[in-house]
Structures are given as C-alpha cells and as structure tokens.
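# Structural overview
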Amino acid sequence: MEVVKFALGRIPAVLFGPGTIGSLALQLRKYGTRALLVTGASSLEKSGRLAAIGKSLEAAGISYDTVPVNGEPSPELVDDAVKSFADMEVHAVAAIGGGSVIDAGKAISAMLHLGAPVADYLEVVGTKSHDGVKTPFIAVPTTAGTGSEATKNAVLSRAGGHGFKRSLRHDNLVPDLALIDPELMTGCPVSITAASGLDALTQLLESYVSTAATPVTDALAWSGLERIRESLIPVCTVGGDDIGHRSGMAYAALMSGIALANAGLGVVHGLASPLGAVFNIPHGVACGTMLAAAVKATVKKLGALGDTKYLVKYARAGALLTGCDPRETGRCCARLAEILEQWVDELAMPRLSAFGVREEHFTGIIAEGGNKNNPAQLDAGEIAVMLRERL
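Description of the structure in this document. Everything quoted here is computed from the prediction, not taken from an experiment. Counting of residues starts from 1 at the beginning of each chain's written sequence and follows it residue by residue. Confidence filtering applies because this is a predicted model: local features only for residues at pLDDT of at least 70, side-chain atom pairs given and counted only at 80 or more, and all residues used for totals across whole chains, interfaces and linings. The side-chain numbers reported here are obtained from all heavy atoms of the structure, hydrogens and water having been left aside.

Quick look at the overall build of the protein chain now. Segments assigned H or I by DSSP are reported as helices when at least four residues long, segments assigned E as strands when at least two residues long, and all are numbered from the N terminus. In terms of regular secondary structure, the protein chain is built from 14 helices and 8 strands. In terms of overall dimensions, the protein chain is globule-like: its C-alpha atoms have a radius of gyration of 20 Å, near the 21 Å expected for 391 residues. Taking the principal axes of the C-alpha coordinates as reference, the protein chain spans close to 60 × 45 × 45 Å. Whether a residue is buried, partly exposed or exposed follows from its accessible area with a 1.4 Å probe, protein chains only, as a fraction of its type maximum: under 20%, in between, or over 50%, in that order. Burial statistics for the protein chain: of 391 residues in total, 55% are counted as buried. Nonlocal contacts in the protein chain, meaning residues at least 24 apart in sequence, comprise 79% of its contacts between residues at least 6 apart. We count Lys and Arg on the positive side and Asp and Glu on the negative side, and we leave His and both chain ends out. The location of each charge is read from NZ of Lys, CZ of Arg, CG of Asp or CD of Glu. Separation between the mean location of the 34 positive side-chain charges and that of the 39 negative ones in the protein chain comes to 2 Å. Note on method: radius of gyration uses C-alpha positions; expected globular size equals 2.2 Å times residues raised to 0.38. Should any heavy atoms of two residues lie within 4.5 Å, those residues are considered in contact.

Rendered as structure tokens:
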C-alpha cells in the first residue's frame, strides 16, 4: 500500500447552518464589549439584517462601529479604517459580506495593532513581513464563492494600468471563526450568485488537480464538487430562495477555501489576478469565463505529455458532473469541458472584451499571470489561445 504524507494548515472554527447569525453577539462577547463590523456598501443595510444584527449586539452589551466596503478592497481603504479606529480599543472585528468584505475585515484586523501602511506588508509590493498578531476576527460570508472565510490571506487591489492584486498573508490571519448562515445568502442577485458559484467551482477543480493536492484536499474538493453539481444551476435559476441549495453552495465555497489553502490553485487564478487588477474584472467573472478554456488547454497539454495521472483526475471530475463513464478518460475530459462551457453560457458570464481586453494586452497579462500549481505548465502561446477563446 502506498505511504501517504501530507500537511494540513490551520482552519477556523466553523459554525454552519441556517440561523447561526443569531449567535454572532454571543461569539463577539467572548472577546469583549467593543466590535468593528465590516460590511458591504449597502446590501446588508437595505435588507434590514444590519439593523437586526445591531440590536442583538446592543442587547448583549456590545458597542460597535461599521466600515462599509464598496467593491474590491484597496490598501487605502484598510489604512483609512485603521487610522479611524487607532485611538479606540477594538476587541474584535466581524466582516459580514462577500469575499471582498471578508478580505477587508481580515486585513483591518491584522493591521489595527501595527498602525502602518498595509501596502508595506503585501506580497511582491511590500518589503515587510507581518508578525501574525491580529485583533480577533470573525468571518460571516453572505455569498458562496471565494472561501476567504477559511484562508490565511487577504487580497487587496489597486485598479488601473499599474494596478495590482496582492495578498497580506500569515498563518495566524485565518479567521478565528467562520460563521456561515445560508439564510444570509438568500436574496443575493443572480449575477453575483453565479460569479461566486463559478469561483467556488474553479477553486474546487483547480485544487483537485493541483500538483500539491493530497488525499485530504481531494476529499474536501470532491465533496464540494458534489454540492456544485446539485446546486449551482438551481440556485442561479429556480432555487435562489431554496435554503437547501444555498446551503449546498455555502458548503462548496467553504470546502474550496480549505482545499485551496492547502493544495493551491492553477492557471485560471494565475490569470485572474492581472485581469482583475488591470481591467477591473470581478474575480468570480474572471475565473468563470476562463475555466473551460483552461481545462481544454491543460488536458491537451497533458495528453501531449502522456501524463495519465492528472487526465484521470479530470475524467473523474467530468464523470461526477456529467455522469459519463470515468473509465473513458478522453470522453469524460471532453464532457467536463463541455459542461463547463454550458454552465458559463447559461449563467451569462461576459467575455473579456466586455471589460476592454484586447489581443494587444495578452503579452502583459501573461507576463503578470502564472501557472501556479496547474498540472501542466502552459507556455505563453498556449495561454494566449485560452485568452483569445474568451475575447
């Protein structure tokens, strides 16, 4: 029997299920009586949920302030929040929102005690290493996609020609608690639900076929893919208010976060960073629109290399999502690409050209991107074919 070796990084404590938002006040009270709530720009307030959460905190004797996040968080947003609350004793930070909100909250909780510009601590951009000390942090996702509630990095962006998307990263920045209530995801717009769901799907599939995958990450990714199969299309069409489908997607997103944190990701995420930074393409859209093209390019390269190990994994994923016979490796790999293309079309993912991407931009995108842990290392020409397919 094969001897298995693997490492598994830190994961948060998890409270999962409908109604768990009701325990937020109790969880925050464990840390003290003053909290900072990081939220989306308006959706939580418009839904009435922010007011309800505020009442529960006040009833528990917790005073709080809010920081709204509009779009993907920038270093400036984090720095402004840290400055605003530098003279106040914040006992805990809770981020209630999508992946961008959770990343912002994660970064704020990490920088409150330092009071320094966060850009100094970003990978590639900065030169300093974070010490891992943070204000206690609770992640409360209201979308099912990024898995940021289970990861150790906070992605910050600066859009434009010299833009970037880089991470503040430390093992200790994993949230202390991921409080996941699928009821908070009902009412999420279809476009955001679809992009978030395709992001989770991309993370699950890229983790599953990653060169750093382990039996543990395979099991996590597989269980998430099972939920994707059952719930992705329904939650974006006829089942948006179905708590079962919302729960399925929330579970898939959580599994994707744990899997990617331990197995890494592939070429889709390598490209999503420059596409988001330079062209301001939402992360889930960038992943969703590129996924099928990346699968086709990678499978083709693996076939040319005679690498059956990863072709078999792609075929198994194809069998799970389409019902084909996994013993028919070539057929199931093709069916996987077909179902992904079908879902991207059905969920109306825009093409790259809708965001101003042109063929003359390919060289810069490819230079800033990368293969990461893709099972086949694609060269610049092969990646250009992928990008051209989605123009």
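Still to come is the rest of the account.
Positive phi outside glycine occurs at A348, with the angle close to 55°. Along the chain, A348 turns up in the loop between α12 (329–346) and α13 (362–368). Given the relative accessible area of 58%, A348 is considered exposed. Its identity as a non-glycine residue notwithstanding, K372 has a phi of 50°, on the positive side. Tracing the backbone shows K372 in the loop between α13 and α14 (380–389).

This part takes up the nonpolar core. In this structure, L232, L275 and L340 are the most contacted members of the largest nonpolar core, which totals 79 residues. By residue number, the principal contributor to this core is helix α10 (residues 283–305), which donates 12 residues. Non-local contacts of L340, meaning those with residues more than four positions away in its chain, are made with L201, L205, L291, A292 and V295. Among buried residues, the Ala, Val, Leu, Ile, Met, Phe, Trp, Tyr and Cys ones that are joined through side-chain atoms within 4.5 Å form a nonpolar core. If you look at the next biggest cluster of nonpolar residues, it comprises 30 residues, including I102, A107, I108 and Y121.

Glancing now at the packing of helix α6 (residues 190–208) against helix α9 (residues 267–279). Only the stretch in contact is used when fitting a helix axis, every axis being a line fitted to C-alpha atoms; angles between N-to-C directions are given from 0 to 180 degrees. The interhelical angle for the contact between α6 and α9, taken along N-to-C directions, is 135°, at an axis separation of 9 Å. Taken together, the axes of α6 and α9 are oblique relative to one another. Each of D199, T202, Q203 and E206 in α6 lies in contact with α9, whose residues at this interface are V267, V268 and H269. What sets the label is the angle itself: under 35 degrees gives roughly parallel, over 145 gives roughly antiparallel, 65 to 115 gives roughly perpendicular, and the rest give oblique.

What follows concerns a nonpolar patch on the surface. Residues with no salt bridge and a relative accessible area higher than 30% make up the patches, which join like charges within 9 Å and nonpolar side chains (Val, Leu, Ile, Met, Phe, Trp, Tyr) within 5 Å. Computed with a 1.4 Å probe, the accessible areas rest on the Shrake-Rupley method; for each residue, only the protein chains presented here act as cover. Here, a salt bridge means any side-chain nitrogen of Lys or Arg that lies within 4 Å of a carboxyl oxygen of Asp or Glu. Where nonpolar side chains cluster on the molecular surface, the patch consists of V4, F6 and L8 and spans about 280 Å² of accessible area. Looking at the secondary structure, you find L8 in the segment before β1 (13–16). The class for L8 is partly exposed, based on a relative accessible area of 46%.

This paragraph deals with the pattern of salt bridges. A side chain of one charge can pair with a side chain of the opposite charge when the charged atoms of the two come close. For the coordinates displayed, the defined rule picks out 16 salt bridges. Two residues, K296 and E389, come together in a salt bridge whose shortest N-O distance is 2.6 Å. Of this pair, K296 sits in helix α10 while E389 sits in helix α14, and the two are 93 residues apart along the sequence. E338 is the salt-bridge partner of R335, the closest N and O atoms lying 2.9 Å from each other. Taken as a pair, R335 and E338 lie in helix α12 at a separation of 3 residues, close to a single helical turn. Given the relative accessible area of 36%, E338 is considered partly exposed.

Time to look at helix α7 (residues 215–236). Compared with the 32 Å implied by 1.5 Å per residue over 22 residues, the 31 Å span of α7 between its first and last C-alpha is a close match. Residue I228 marks the point of greatest curvature in α7, where the axis turns by about 40°. Helix span, as expected, comes to 1.5 Å for every residue beyond the first. A residue's bend is given by the angle between axes fitted to the 7 residues ending at it and the 7 residues starting at it.

When the sulfur atoms of two cysteines share a covalent bond, that bond is a disulfide. Two cysteine sulfurs form what is called a disulfide whenever their separation falls within 2.5 Å. Enumeration over the complete set of coordinates arrives at 1 disulfide. Covalently, C324 is tied to C332 through a disulfide, its sulfur atoms 2.1 Å apart. Disulfide C324 to C332: torsion about the S-S bond roughly 140°, handedness right-handed. Each of the two residues, C324 as well as C332, counts as buried. Lacking any disulfide linkage, C236 is separated from the closest cysteine sulfur, that of C188, by 9.0 Å. Residue C236 is classed as buried on the basis of its relative accessible area, which comes to 6%. Free cysteine C287: the closest other cysteine sulfur is in C236, separated by 15 Å.

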